[in-house]
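Reading the structure
Here's the letter readout for the chains.
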Amino acid sequence: MSKKVEIEASCPFCGFNQTVTFYSSVNVSLEPELRVKIFEDEINQFVCLHCGKNCLISADLLYHDMDHKFAVWFCPKGEIPEEEKKMSEKIIKAVGLGDYLIKAPITYSWDEFKKKILEFEKQKRTH
Ligand SMILES: [Zn+2]
């Protein structure tokens, strides 16, 4: 249930365009290697082929761990609009996924995002 697309991204430093892979959701229970990629900073960021700088793709990403039953949002652009939230709640309910998805915390920076994932994993392990 990971969702990825190829998009044309432009470098915020030099404006160079290149095709990169973007994930809008990552399910680490089905694809554990994606968790590794997140912690190696290889998801939703790319190295510009022109200037060599590391660029973050500023779009929302949902991290989903079914085994540990938690999810975390990464929203680099800020708060998720209310409408979008309601829409995803509907989808979550329709698909019959857990409530924890609705309660998924929102993080605004990549470091915060990774920290939250580690916190959840720690909590779930001690239970
Ligand atoms: Zn560049």
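Throughout what follows, the structure given in this document is the object of discussion. The model shown is predicted, which means the values in this text are computed figures rather than measured ones.

**Description of the overall build of the chain**
When you go through the chain residue by residue, the secondary structure sums to 3 helices and 7 strands. Here the C-alpha atoms of the chain give a radius of gyration of 15 Å, agreeing with the 14 Å that 2.2 N^0.38 yields for 127 residues. In the chain, which comprises 127 residues, the share counted as buried stands at 37%. Sequence-distant contacts, at least 24 apart, represent 58% of the contacts inside the chain between residues at least 6 apart. Only carbon and sulfur atoms are counted for the fraction: they give 53% of the accessible area of the chain, which is about 7800 Å².

**A word on the side chain of His 64**
Along the chain, His 64 falls in strand 5 (residues 61–65). Accessibility expressed as a relative area gives 4% for His 64, which makes it buried.

**Here we look at the coordination of the zinc ion**
Protein coordination at the zinc ion comes from Cys 11 (SG), Cys 14 (SG), Cys 48 (SG) and Cys 51 (SG), with a distance range of 2.3 Å. The site at the zinc ion holds 4 donor atoms, and with the angles between them running 106 to 116 degrees, its shape is tetrahedral. Along the chain, the residues donating to the zinc ion fall in the pattern C-x2-C-x33-C-x2-C. By relative accessible area, Cys 48 is classed as buried at 3%.

**Comments concerning the environment of Glu 8**
Along the chain, Glu 8 falls in strand 1 (residues 3–10). The contacts of Glu 8, once residues within four sequence positions are left out, are Asn 17, Gln 18 and Thr 19. A distance of 3.4 Å separates a polar atom in the side chain of Glu 8 from a polar atom in the side chain of Thr 19.

Criteria and thresholds
Residues numbered from 1 in each chain as written. Predicted model: local features only at pLDDT ≥ 70, side-chain atom pairs only at ≥ 80, totals over all residues. Heavy atoms only, no water. Helix = DSSP H or I, 4+ residues; strand = E, 2+ residues; numbered from the N terminus. Rg over C-alpha atoms; globule rule 2.2 N^0.38 Å. Buried < 20%, exposed > 50% of the residue type's maximum accessible area, 1.4 Å probe, protein only. Contact = heavy atoms within 4.5 Å. Areas by Shrake-Rupley, 256 points an atom, 1.4 Å probe, with all protein chains shown as cover. Donors = N, O, S within 2.8 Å, 3.2 Å for Na, K, Ca; no water. Tetrahedral: all angles 85-135°; square planar, octahedral: opposite > 155°, others 65-115°. Polar contact = N/O pair within 3.5 Å; in protein donor to acceptor, adjacent residues only side chain to side chain.

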